[in-house]
Amino acid sequence: MSSAAREALATRLRAGGSVYAEDEAELLLAAGDGDPVRLRGLVQRRLGGEPLEYVLGWAAFDGHRVRVAPGVFVPRTRTAVVVAEAARRLHRYDRVVDLCCGAGAIAVALLERVGALDLVASDIDPAAVDVAAENIGDRGIVVRGDLFEPLPVRLRGAVDVIAVNAPYVPTDAVATMPSEARDHEHRVALDGGADGLHLHRRIAVGAAEWLRPGGAVVIEVSESQAAASMRAFEEGGFETAVVHDDAVDGTCVVATRPHG
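Only a predicted model underlies this, so the values are computations on that prediction, with no experimental measurement involved.

So, the nonpolar core
Then step 1. With 41 residues, the main nonpolar core has Leu-110, Leu-119 and Ile-136 as its most contacted residues.
Then step 2. Elements that contribute at least two residues to this core include exactly strand S1 (58–61), helix H5 (80–88), helix H6 (105–114), strand S4 (118–123), helix H7 (126–136), strand S6 (159–164), strand S7 (211–221) and strand S9 (250–256).
Then step 3. Take this core: its biggest share by element is eight residues, from H6.
Then step 4. Counting 30 residues, the second largest nonpolar core, distinct from the first, contains Val-97, Leu-147, Ile-219 and Met-230.

A look at the sheet that holds S4
Then step 1. If you walk across this open sheet you meet the seven strands as S5-S4-S3-S6-S7-S9-S8, and the pairing is mixed. Two strands lie at the open edges of the sheet, namely strand S5 (141–144) and strand S8 (239–245), each paired on one side alone. In this sheet, adjacent strand axes meet at a mean angle of 20 degrees when their direction is disregarded.
Then step 2. Packing against the sheet, helix H9 (residues 198–206) makes contact with strand S3 (95–99), S6 and S7, and its axis sits at approximately 175 degrees to S7.

Focus on the packing of aromatic side chains
Then step 1. Under the counting rule described, the total for this entry stands at two aromatic pairs.
Then step 2. Look at Phe-148 and Trp-210: their rings are 6.3 Å apart centre to centre, the planes differ by 10 degrees, and that puts the pair in the stacked class. Taken together, the residues Phe-148 in the loop between S5 and S6 and Trp-210 in the loop between H9 and S7 connect sequence positions 62 residues apart. Pair check on accessibility: Phe-148 and Trp-210 agree, each one buried.
Then step 3. Between Phe-233 and Phe-238, the ring centres sit 5.7 Å apart and the planes meet at 80 degrees, which makes this aromatic pair edge-to-face. Each of the two residues, Phe-233 as well as Phe-238, counts as buried.
Then step 4. It is Arg-65 that lies over the ring of Trp-58; its NZ or CZ is 3.8 Å from the centre.

A word on the side chain of Asn-135
Then step 1. Along the chain, Asn-135 falls in helix H7.
Then step 2. For Asn-135, a relative accessible area of 14% corresponds to the buried category.
Then step 3. Only 2.8 Å separates the side chain of Asn-135 from the backbone oxygen of Ala-103, close enough to count as a polar contact.

As for the environment of Arg-95
Then step 1. Inspection of the secondary structure assignment puts Arg-95 in strand S3.
Then step 2. Taking the C-alpha atoms as reference, Arg-95 lies 9.9 Å from Ala-116; in sequence the two are 21 residues apart.
Then step 3. Not counting residues up to four positions away in its chain, the partners in contact with Arg-95 are Leu-90, Asp-118, Arg-154, Leu-155, Ala-158, Val-159, Asp-160 and Val-161.

What about unusual backbone geometry?
Then step 1. At Asp-62, a position not held by glycine, the phi torsion is positive, near 50 degrees.
Then step 2. Mapped onto the elements of the fold, Asp-62 is located in the loop between S1 and strand S2 (64–67).
Then step 3. The residue Asp-249 is not glycine, and still its phi comes out positive at about 55 degrees.

What about the packing of helix H1 (residues 3–15) against helix H3 (residues 36–47)?
Then step 1. Two elements in contact, H1 and H3, have axes whose closest approach is 10 Å; the angle formed by their N-to-C orientations is 25 degrees. Between H1 and H3, the angle falls in the class roughly parallel. Along this stretch, H1 crosses H3, giving a crossing that reads as right-handed. Where H1 approaches H3, its residues Leu-9, Arg-12 and Leu-13 are matched on the opposing element by Val-43, Arg-46 and Leu-47.

Focus: the pairing of S2
Then step 1. One ladder, built from four bridges, connects S1 with S2; its direction is antiparallel. Paired with Trp-58 across the bridge in S2 is Arg-67.

Digging into H5
Then step 1. Of all nine residues in H5, seven are buried; the element is thus mostly enclosed.
Then step 2. Along H5, the residues classified as buried are Ala-80, Val-81, Val-82, Val-83, Glu-85, Ala-86 and Ala-87.

Considering the packing of H1 against helix H2 (residues 21–32)
Then step 1. Between H1 and H2, whose axes approach to 8 Å, the crossing angle comes to 120 degrees. What the angle tells us is that H1 and H2 run oblique. Between H1 and H2 the crossing geometry is right-handed. Residues Arg-6, Leu-9, Ala-10, Leu-13 and Arg-14 of H1 form the contact with H2, whose participating residues are Ala-21, Glu-22, Glu-24, Ala-25, Glu-26, Leu-28 and Leu-29.
Then step 2. Counted by class, the contact of H1 with H2 contains seven nonpolar, no polar and five charged residues.

Criteria and cut-off values
- Residues numbered from 1 in each chain as written.
- Predicted model: local features only at pLDDT ≥ 70, side-chain atom pairs only at ≥ 80, totals over all residues.
- Heavy atoms only, no water.
- Core = buried A, V, L, I, M, F, W, Y, C linked by side-chain atoms within 4.5 Å.
- Buried < 20%, exposed > 50% of the residue type's maximum accessible area, 1.4 Å probe, protein only.
- Helix = DSSP H or I, 4+ residues; strand = E, 2+ residues; numbered from the N terminus.
- Pairing = 2+ DSSP bridges.
- Axes fitted to C-alpha atoms, helices over the stretch in contact; angles between N-to-C directions.
- Contact = heavy atoms within 4.5 Å.
- Phe/Tyr/Trp six-rings, centres within 6.5 Å; stacked < 30°, edge-to-face > 60°.
- Lys NZ or Arg CZ within 6 Å of the ring centre and 35° of its normal.
- Polar contact = N/O pair within 3.5 Å; in protein donor to acceptor, adjacent residues only side chain to side chain.
- Parallel < 35°, antiparallel > 145°, perpendicular 65-115°, else oblique.
- Left-handed = near helix turned anticlockwise from the far one by under 90°.
- Nonpolar A, V, L, I, M, F, W, Y, C, P; charged D, E, K, R; others polar.

Laid out in structure tokens, this is it:
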């Protein structure tokens, strides 16, 4: 398509509120694959407020394209801090759990960074489980259920890293999120309870049963919630630290099960 047509599309997207109109125009043109009818449908969906990732069918994360589907949590760049901290603690064939896995973005990134892993991904949302299974393929298994409940018994006391991006938005704050999130992603992927840390506390209570001594939970959190999340894990007997990555503006708590 000509540069004039590309700029015309960018102008339409910009008028519709797109902050990155030129980049979106390029992506939509590529997804249209030269079919004007297909392109028109994609553009109409985007102008109607549908997240770009749902329109394209994929999201960029940690240098990879991860398939997404309507309703499933779209991986954010900041979650790369969890990937980096988890990868630092893993070797090939280690046991790892991607808890609250969504589309399985953390699992995919860890497999690419570390290599083959004994990997299990888990989520309570059936739509997320389906997409994660597609993304992970035969490189791991995906189970559905509430936190640790569906994990294979063989992992009890043997997991090296539990990598987590659990919902941490306080219930009352969900309404203030960008419309692309609050109106399109499933509520279960966003709502973290009254103070946002309901699932953090539940994970802090249950994780030690699944980790080997020296194993760690690496869990995403906002900077403002990090101290409270740390306390929850310390009360669960963990040694804790907070890691912030300015490059991706991401924060995580690392909670290690002590030896002995």
